[in-house]
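So the chains spell out like this:
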Amino acid sequence: MEKSQSIRIRLQKVSGAIQKNKYMSSISNGLAATMPALIGGAIFSLIDTINISAYQNFLEATGLKSLTGIPALVTTNIISLYVVFGIAYILAKQFKKDGFPAGIIALMSFLMVTPMGVMEDQSTGIGITWLGAQGLFVAMMIGLIVGRVFVLIIDKDIYIKLPKGVPPTIEKSFAAIIPALIIITIMLTIRGIFSATSYETIHNFIFTLVQTPLTGLGGSWLAFLICVVAISLFFFLGVHGPLVVYSVMAAIWTPLQLENLAAFQSGAELPNLIVPSASLMIYAAIGGSGATIGLAVAMLYAKSKRYKTLGKLTFIPSLFGINEPLIFGMPIVLNTRLLIPFIAAPLVASILSIILTFIGILPPLRGIAPMGTPLIISGFIEGGWSVAVFQVILSVISFIIYYPFFKGVDKIAYSEEIVNENKIT
């Protein structure tokens, strides 16, 4: 017991260090801040691409087709613009500085290192190639660099100071001028250096040498399965597993999701068979971390009043993937009797989903459904009826895995209740 407590304390320290790290949290929170835009674009993508002839003819006839595709163009297709602003803004705020000018300068910096071209009408323009998922790693880097340099310059008092009485808005604007000039110089230098190489731009360099290998490694089925097991182990030891894992993997998983979403929006074939962030929600975490939907159902048929009541309280939230009340109310934390199914259920769900996707029975996930979308509906949105039906099958499998273990736990609780009732009488 002392050894497990020691491991738990150490993991909590590691978890705390990851979540408190200003740079890691700026990336994860910056990505999370784009969710309203992504969800809005994804919902309209679904509206735009419903594959029903009569519906599509209606959109074309009414002229709505020219409107329903616009949200995707200004959300998913240029997501890097939102990310670079969000990361720089949040990082500056982490250091107690004004985040807005940092975000604006970061957005400007990202556009400065992004290749421009001459359009047919001889005007200068920026293509969207590097503004979407392909430019995401550069956006994250620029956001961190600009945010940190901005803070450093302000901390060194290298900014224009105005006399007292000047409105705060004007004061902040002038304070950002020198940091902007310094950062512009840095970005021009970066652009100049890469233009002299065979890569031509920092985007080509990062995408070729960093983003593609990292997403290939982090988006592999083996890495996904390791993360699934890690989430269960972290939760068992009292640490919020998804927060820890996503803080580390978000930068790798998000581009994969965005690539599939962009392909779906354009009607192209989805490029990634495995999209870990979507697979985690749709398959591995069905009912919540640990794929506990089966346990929530089993508790509805418990003999003990304690677990029957808990089952009634946790079943509905479990349908939406919210199972913290179950994990901490059961509890599953440090409960060795439920450790095996808590690891096995999500692992079996993940392995089955990977196999069925690779052999073509299940389609690749689109990366559309927002977190909290209820069971079956989330599956239908992500991959159609086949995924929705498979979620039902996984729910049955989860029940089969959990039930023998829960039956033993319930028997003990029921016996304790009988003993306590006899003492009272």
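See the structure printed just above.
This structure is a prediction, so every number in the text was calculated from the model and none was measured.

Cut-off values and rules
- Residues numbered from 1 in each chain as written.
- Predicted model: local features only at pLDDT ≥ 70, side-chain atom pairs only at ≥ 80, totals over all residues.
- Heavy atoms only, no water.
- Helix = DSSP H or I, 4+ residues; strand = E, 2+ residues; numbered from the N terminus.
- Buried < 20%, exposed > 50% of the residue type's maximum accessible area, 1.4 Å probe, protein only.
- Contact = heavy atoms within 4.5 Å.
- Areas by Shrake-Rupley, 256 points an atom, 1.4 Å probe, with all protein chains shown as cover.
- Lys, Arg positive; Asp, Glu negative; His and termini not counted.
- Charge placed at Lys NZ, Arg CZ, Asp CG, Glu CD.
- Phe/Tyr/Trp six-rings, centres within 6.5 Å; stacked < 30°, edge-to-face > 60°.
- Salt bridge = Lys/Arg side-chain N within 4 Å of Asp/Glu carboxyl O.
- Patch = residues over 30% accessible without salt bridge, like charges linked within 9 Å, V, L, I, M, F, W, Y side chains within 5 Å.
- Axes fitted to C-alpha atoms, helices over the stretch in contact; angles between N-to-C directions.
- Parallel < 35°, antiparallel > 145°, perpendicular 65-115°, else oblique.
- Left-handed = near helix turned anticlockwise from the far one by under 90°.
- Nonpolar A, V, L, I, M, F, W, Y, C, P; charged D, E, K, R; others polar.
- Core = buried A, V, L, I, M, F, W, Y, C linked by side-chain atoms within 4.5 Å.
- Expected span 1.5 Å × (residues − 1).
- Arc of directions from axis to C-beta.

Novice: Residue-level account of the overall build of the chain, with values.
Specialist: Summing up its helical and strand segments, the chain has 21 helices and two strands in all. For the chain, the C-alpha atoms occupy an extent of roughly 85 × 60 × 45 Å along the three principal directions. Expressed as a percentage of its 425 residues, the buried residues of the chain come to 45%. Nonlocal contacts in the chain, meaning residues at least 24 apart in sequence, comprise 71% of its contacts between residues at least 6 apart. Looking at the chain as shown, the accessible area adds up to about 20800 Å², and 69% of this sits on carbon and sulfur atoms. Distance between charge centres in the chain, computed from 26 positive and 18 negative side chains, equals 15 Å.

Novice: So what's going on with unusual backbone geometry? Which residues, and what values?
Specialist: Notably, K96 is not glycine yet its phi reads approximately 65 degrees, a positive angle. Summarising the element assignment, K96 is placed in the loop between α7 (79-94) and α8 (99-112).

Novice: How would you sum up the packing of aromatic side chains? Please name residues and give values.
Specialist: Following the criterion strictly, the structure yields 10 aromatic pairs and no others. Judged by centre distance (6.5 Å) and plane angle (55 degrees), the ring pair of Y23 and F95 falls under tilted. Residue Y23 is found in helix α2 (residues 22-32), and its partner F95 is found in the loop between α7 and α8; the two are separated by 72 residues along the sequence. Taking relative accessible area as the criterion, Y23 reaches 34% and is therefore assigned partly exposed.

Novice: Before we move on, can you summarise the pattern of salt bridges with the specific residues and values?
Specialist: Two side chains of opposite charge can pair, provided their charged atoms sit close to one another. Taken as a whole, this structure holds one salt bridge when the rule is applied. The closest approach of N and O atoms between K97 and D155, which form a salt bridge, is 2.8 Å. With K97 in the loop between α7 and α8 and D155 in helix α9 (residues 136-155), this residue pair connects regions lying 58 residues apart in the sequence.

Novice: Could you give an account of a positive patch on the surface, naming the residues involved and the relevant values?
Specialist: A cluster of basic side chains, namely K22, K93, K96 and K172, defines a positive patch on the protein surface. Looking at the secondary structure, you find K93 in helix α7.

Novice: Got a sec to walk through the packing of helix α13 (residues 221-236) against helix α19 (residues 339-358)? Specific residues and values, please.
Specialist: Where α13 meets α19, the axes come as close as 9 Å, and the angle between the chain directions of the two elements is 160 degrees. It follows that α13 is roughly antiparallel to α19 by the angle criterion. As α13 runs across α19, the sense of the crossing is right-handed. Here W221, F224, L225, V228, V229, S232, L233, F235 and F236 of α13 lie close against α19, whose contacting residues are L339, F342, I343, P346, L347, S350, I351 and I354. Looking at the contact of α13 with α19 residue by residue, the class counts come to 15 nonpolar, two polar and no charged.

Novice: Which residues make up the nonpolar core, and what values go with them?
Specialist: If you look at the biggest cluster of nonpolar residues, it comprises 91 residues, and the most contacted ones within it are M140, Y307 and M330. No other element matches the 10 residues that α9 contributes to this core. Once residues within four sequence positions are removed from consideration, Y307 is found in contact with M299, A302, M330, F406, V409, D410 and A413. Within the second largest apolar cluster, eight residues are counted, among which are A42, L261, I368 and I381.

Novice: Tell me about helix α11 (residues 177-195), and name the residues and values.
Specialist: Over its 19 residues, α11 extends 27 Å from the first C-alpha to the last, a length consistent with the 27 Å expected when each residue adds 1.5 Å. For α11, the complete set of buried residues consists of P179, A180, I183, M187, I190 and F194. Buried residues in α11, looked at end-on, bunch into an arc of 95 degrees, giving them a common side. Turned more than 90 degrees away from the buried face of α11 sit L181, L188 and I193, all of them exposed.

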